[in-house]
4 protein chains.
Amino acid sequence: MTSPLRVAVLGASGRMGRAACAAVDDADDLELVARIGSSDSLDQVADAGAQVIVDLTVPSATQGNVLWAIEHGIHAVVGTTGWDDESRGAVRSALEKNPGIGVLIAPNFAIGAVLTMRFAEIAARYYESAEIIEMHHPDKLDAPSGTAQHTAAAIARGRADAGLGPIPDATEKDPDGARGALVEGVRVHAVRQRGLLAHEVVQFGGTGEQLILRHDSFDRVSFMPGVLLGVREVASHPGLTIGLDGYMDLG
Amino acid sequence: MTSPLRVAVLGASGRMGRAACAAVDDADDLELVARIGSSDSLDQVADAGAQVIVDLTVPSATQGNVLWAIEHGIHAVVGTTGWDDESRGAVRSALEKNPGIGVLIAPNFAIGAVLTMRFAEIAARYYESAEIIEMHHPDKLDAPSGTAQHTAAAIARGRADAGLGPIPDATEKDPDGARGALVEGVRVHAVRQRGLLAHEVVQFGGTGEQLILRHDSFDRVSFMPGVLLGVREVASHPGLTIGLDGYMDLG
Amino acid sequence: MTSPLRVAVLGASGRMGRAACAAVDDADDLELVARIGSSDSLDQVADAGAQVIVDLTVPSATQGNVLWAIEHGIHAVVGTTGWDDESRGAVRSALEKNPGIGVLIAPNFAIGAVLTMRFAEIAARYYESAEIIEMHHPDKLDAPSGTAQHTAAAIARGRADAGLGPIPDATEKDPDGARGALVEGVRVHAVRQRGLLAHEVVQFGGTGEQLILRHDSFDRVSFMPGVLLGVREVASHPGLTIGLDGYMDLG
Amino acid sequence: MTSPLRVAVLGASGRMGRAACAAVDDADDLELVARIGSSDSLDQVADAGAQVIVDLTVPSATQGNVLWAIEHGIHAVVGTTGWDDESRGAVRSALEKNPGIGVLIAPNFAIGAVLTMRFAEIAARYYESAEIIEMHHPDKLDAPSGTAQHTAAAIARGRADAGLGPIPDATEKDPDGARGALVEGVRVHAVRQRGLLAHEVVQFGGTGEQLILRHDSFDRVSFMPGVLLGVREVASHPGLTIGLDGYMDLG
């Protein structure tokens, strides 16, 4: 029997961080060796002999954490937002000098959301119309969600692959903006509703038919299978991977 | 056995008009005595001995048609849009002089849409959040739909009855308008999709729960049961009735 | 300012009981004066001066608890199942001797489920087809749910009111029972799915259209507004009331 | 510019056949050269110089039609049901002697239904629970639908790939069969509702989340893009292909 993989969670006192600690703790093949809060030193991660960090911190801290991990020969699974071309470039440079190390930056750990994006890209090739409705709790500060924006981009790629033109829309009069946001040529609608957590509906339409892809996250625990998949797979995927789909069998 | 009710359809060559002619023709208790197009004289309606007209014409013609019917002692069932306070007032005045005559002006003949609006008003009393998503074919020129606007008003009445304040929404950043239109304090989203006809989804949310009312019109024939209900009931409802719900048992 | 209403929760250590204690505790106009577990004496309820009991115990205990409360001049809100004609009759007899006392027996405290049942009864009058899909977590022992059975009965009443005959169904070959259960003439389907709690979908169909009523309980807290509504209203509804809808404004 | 592809429709007087004739007729790159009814001779197909037949006949005729086409060097696109291992074997033998000819036997021409089946197989690897709800008009004679059965088989394959065991279900008491049919280890529910045509919902559940795939065929025209895709591609796919997905880019 192999030893459990040694995991440190950074951002351990946030809501996602606490859920990740519990999930790692519950997994027989993983060992939680460090819970790092914002006031803790990264030295604790090294001292604890962690093989993988899970970064669920804040945009201002995540790049530094990941570069530190690479330099210390530790793989990184990152759920924090705020990455851009420049910060990803810095990670790629660091990884070139540490070729055995894997880093996964995943904008969304919900496996169902990843499947929805992938299926949306494929289905988009076959339908004249496509729209997205994302639904979240009313305490969310921004609209539309990042997942909806990524899904719009996936649909745009699928339509481009198939040589499809603009989505048909004869609207002439919409004084109050009921048609929602236009993201990559795709209409995106954001619903805010008490009792919901994070939900996405992608609708495709053709003459006489409709295809719907829908993903519902009712609870933050729904992100944990994706986090654990990342933790287990990161060592066998050296280099930088963007998106959990890079570790999934979607063929 | 009673004689069939004698019905004239005005606007008989439009899509709704043709469907109405077919529906009246198929009903054993009704007799289609005149199909009136835009170039036909209303005298044909009187000559044919019609007891009820179904007006499915255009905003510029409907008021004149209805006033003519009242003066000739003929009941009227009206699906044409474009009525305002002034034109409704003119009908009320005419009806005072012809007290036995009934006029029904129905913005929506889909019984399911009427039920949805009524249920929405009741449910609105009990939920913190409420939003509307209307979905139509991509050739529709305006957004949001009239039905969605009426439903938003019904929700606003229900919330006012229950003393509820504004719907919670923490959105601070929505650069592209993903949150949709605000109608009577209720967010309304309009989807345009090939293969759809006319659909409305009303979502209510409270802590830990959701209530959804959804109506789908797949085909214009779905409006015909409402038209026939109006035709059969108009004579027993003298005066002006706004909305098919005035003839329905919703208690 | 009036004093808070004094409430005792029976079955306080079960999942629903704990949620009810928390909800009463959080309400400014209510005071939780006793948490009674299965080994506690009802004397504590009297000693604490409770004005209302919330009974969330077990079928074998609930009737005795309610009769005890009536005799002690305490109102009762009951969510426990297992009531039949005989036990309800015993409660009615006891209430005749204590005419000021109110008892509410509610098979379902989710306001949305109550609304769904009421709306289903009304809508059933207007549609040729009606079916029910209930969805629950996979640990549920029985199918279909009690709520689905009550909803089927409500649909049957609505159809009878409207003089509708049997629901059309040409199925000749269904070797594995895909058409589900027939309850009061209405097909009921039970889905069992990890991640769900308690959900009900009622579908009505007519030529060219569909009406859907859907209620989702994502979390047991969704039952608490109904429990609190019952607690606040029971004193003003003397006698036995079956169903939370008796306290709601559904007209 | 290339000449249009010459197409004969067999079973041209049925509902699907008429729709196929209209669709071929409307396509600029196709020419409808023969409409063959049940009393017409296949010689007309040869005389008209057809390059592809579309067989939308009946189980008793389809095998003979396809073998005739192969022998005459004509490709075949087949939507008729009733094929089994033996009849497919006969087609394979005939194709060995005519290696340039393509035959497509497609149980479902709705591209959305094909996508749903493919996506279901992939998603099934990642979820503990999976169930299918198929919904059709109430004049359908059999339940569950063939598409639902194929989807259940696809889910079973996906679960086997991932090493998943039986779907969890604690049901002990289901006297009326509300849990539906068990097909390849997957529960399948069949709804029959006036106003619907052909609809399939596939639900996947895991802790705290849900993924839904839904396909709606509102009108038989929704099958035509799939028929035309088959007609256009069959010549470049020699041999026997089962299922429209063999011609689609689903990677």
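Residues numbered from 1 in each chain as written. Chains lettered and ligands numbered in written order. Predicted model: local features only at pLDDT ≥ 70, side-chain atom pairs only at ≥ 80, totals over all residues. Heavy atoms only, no water.

As recorded in an unreviewed UniProt entry, chain A goes by 4-hydroxy-tetrahydrodipicolinate reductase and comes from Brachybacterium equifaecis. Its UniProt record gives chain A the following Pathway (unreviewed entry) comment, quoted word for word: "Amino-acid biosynthesis; L-lysine biosynthesis via DAP pathway; (S)-tetrahydrodipicolinate from L-aspartate: step 4/4." (UniProt positions renumbered as here; feature names shortened; annotations may be inferred.)

(A) Expanded view of the interface of chain B and chain A. Each partner contributes residues to the interface: chain B has 44 residues there, and chain A has 44 residues. Around 3,300 Å² of area is buried between chain B and chain A when both sides are counted, 51% of it from carbon and sulfur atoms. A per-residue breakdown of the area chain B buries against chain A is headed by Leu141(B), Gln193(B) and Arg194(B), which together make up 18% of the total. At the junction of chain B and chain A, the tally comes to 2 salt bridges. (Contact = heavy atoms within 4.5 Å. Buried area = accessible area lost by both parts, 1.4 Å probe. Salt bridge = Lys/Arg side-chain N within 4 Å of Asp/Glu carboxyl O.)

(B) Spatial organisation of the pattern of salt bridges. Counted by the stated rule, this structure contains 57 salt bridges over all chains. Measuring nitrogen to oxygen at the nearest pair gives 3.1 Å for the salt bridge that ties Arg157(B) to Glu121(B). One end of the pair, Arg157(B), is in helix H6 (residues 146–161); the other, Glu121(B), is in helix H5 (residues 111–123), with 36 residues separating them in the sequence. In this structure Glu121(B) comes out as buried when scored by relative accessible area, which is 13%. As a salt-bridge pair, Arg194(D) and Glu128(C) come within 3.0 Å of each other at their nearest N and O atoms. With one member in each of two chains, Arg194(D) in the loop between strand E8 (186–192) and strand E9 (198–206) and Glu128(C) in the loop between helix H5 (111–123) and strand E6 (129–136) form a pair that bridges those chains. Arg194(D) gets classed as buried once you look at its relative accessible area, which sits at 19%. Classification of Glu128(C) as partly exposed rests on a relative accessible area of 31%. (Helix = DSSP H or I, 4+ residues; strand = E, 2+ residues; numbered from the N terminus. Buried < 20%, exposed > 50% of the residue type's maximum accessible area, 1.4 Å probe, protein only.)

(C) Seen up close, the relation of the copies chain B and chain A. When chain B is fitted onto chain A, the two copies agree to an RMSD of 0.1 Å after a turn of 180° and an axial shift of 0.0 Å. The two molecules are tied by a two-fold rotation axis, judged by turn and shift. Looking at the rotation axis and the C-alpha trace of chain B, the residue lying nearest is Gly180(B), at 2.4 Å. Looking at chain B, 100% of its interface residues are interface residues in chain A too, so the copies touch through the same face. (Least-squares fit on C-alpha atoms with pLDDT ≥ 70 in both.)

(D) How the structure looks around the pairing of strand E10 (residues 209–217) of chain D. Counting buried positions along E10(D) yields 9 of 9 residues, so the element is predominantly enclosed. Both faces of E10(D) are covered, namely the face carrying Glu209(D), Leu211(D), Leu213(D), His215(D) and Ser217(D) and the face carrying Gln210(D), Ile212(D), Arg214(D) and Asp216(D). Pairing analysis gives 9 bridges linking strand E10 (residues 209–217) of chain A to E10(D), with the strands arranged antiparallel. Among the inter-strand pairings, Gln210(A) is bridged to a residue of E10(D), identified as Asp216(D). In terms of strand pairing, E9(D) meets E10(D) through 9 bridges, oriented antiparallel. Note on E10(D): the bridge partner recorded for Ala198(D) is Ser217(D). Taking the residues between adjacent antiparallel strands as the criterion, E9(D) and E10(D) are bridged by 2 residues, where Gly208(D) takes a positive phi near 75°. (Pairing = 2+ DSSP bridges.)

(E) Region of interest: the UniProt feature "active site" (unreviewed entry) in chain A. The UniProt record marks His136(A) and Lys140(A) with the feature "active site" (unreviewed entry), using the residue numbering of this structure. His136(A) gets classed as buried once you look at its relative accessible area, which sits at 11%. The contact partners of His136(A), leaving out residues within four places of it in the chain, are Ser145(A), Val191(A), Arg192(A), Gln193(A), Leu196(A), Leu197(A), Ala198(A) and His199(A). Only 2.8 Å separates the side chain of His136(A) from the side chain of Glu134(A), close enough to count as a polar contact. By the element assignment, Lys140(A) lies in the loop between strand E6 (129–136) and helix H6 (146–161). If near-sequence neighbours (up to four positions away) are discounted, Lys140(A) is found in contact with Ser145(A), Arg192(A), Ala170(B) and Thr171(B). (Polar contact = N/O pair within 3.5 Å; in protein donor to acceptor, adjacent residues only side chain to side chain.)

(F) Examining the side chain of Gln210(B) more closely. Relative to the assigned elements, Gln210(B) resides in strand E10 (residues 209–217). Residue Gln210(B) is classed as buried on the basis of its relative accessible area, which comes to 3%. Ignoring any residue separated from it by four or fewer positions in sequence, one finds Gln210(B) in contact with Gln193(A), Leu196(A), Gln203(B), Phe204(B), Arg214(C), His215(C), Asp216(C) and Phe218(C).

(G) Structural context of the sheet that holds strand E5 (residues 102–105) of chain B. All names here are of chain B. With parallel pairing, 6 strands are arranged side by side in an open sheet as E2-E1-E3-E4-E5-E11. Since the sheet does not close on itself, it has two edges, and those belong to strand E2 (30–36) and strand E11 (239–242), each with one partner. The sheet shows a mean angle of 20° between the axes of neighbouring strands, taken without regard to direction. As defined by bridge partners, strand E1 (residues 5–10) adjoins E2 across 6 bridges and the pair is classed as parallel. (Axes fitted to C-alpha atoms, helices over the stretch in contact; angles between N-to-C directions.)

(H) Inspection of the environment of Arg187(B) at higher detail. Residue and element names in this part refer to chain B. Take Arg187: it is sitting in strand E8 (residues 186–192). Look past the residues within four positions of Arg187 in its chain and what remains in contact with it is Glu131, Ile132, Asp169, Arg179, Gly180, Ala181 and Leu182. Here Gly180 takes part through its backbone oxygen, which lies 3.0 Å from a polar atom of the side chain of Arg187.

(I) Region of the structure containing the UniProt feature "domain: Dihydrodipicolinate reductase N-terminal" (unreviewed entry) in chain A. Residues annotated in UniProt with the feature "domain: Dihydrodipicolinate reductase N-terminal" (unreviewed entry) correspond here to residues 6–109 of chain A. Structurally, residues 6–109 of chain A is divided into 41% helix and 23% strand, and its ends, taken at the C-alpha atoms, are 20 Å apart.

(J) View of H6(B). All names here are of chain B. In this model H6 runs 23 Å from its N-terminal to its C-terminal C-alpha over 16 residues, within 8% of the 22 Å that 1.5 Å per residue would give. Listing the buried residues of H6 in full gives Thr147, Ala148, Thr151, Ala152, Ala153, Ala154, Ile155, Gly158 and Arg159. Looking at the buried side of H6, the elements it contacts are H5, strand E6 (129–136), strand E7 (181–183), E8 and strand E9 (198–206). One or two positions beyond H6, positive phi appears at Gly163, with a value near 70°. (Expected span 1.5 Å × (residues − 1).)

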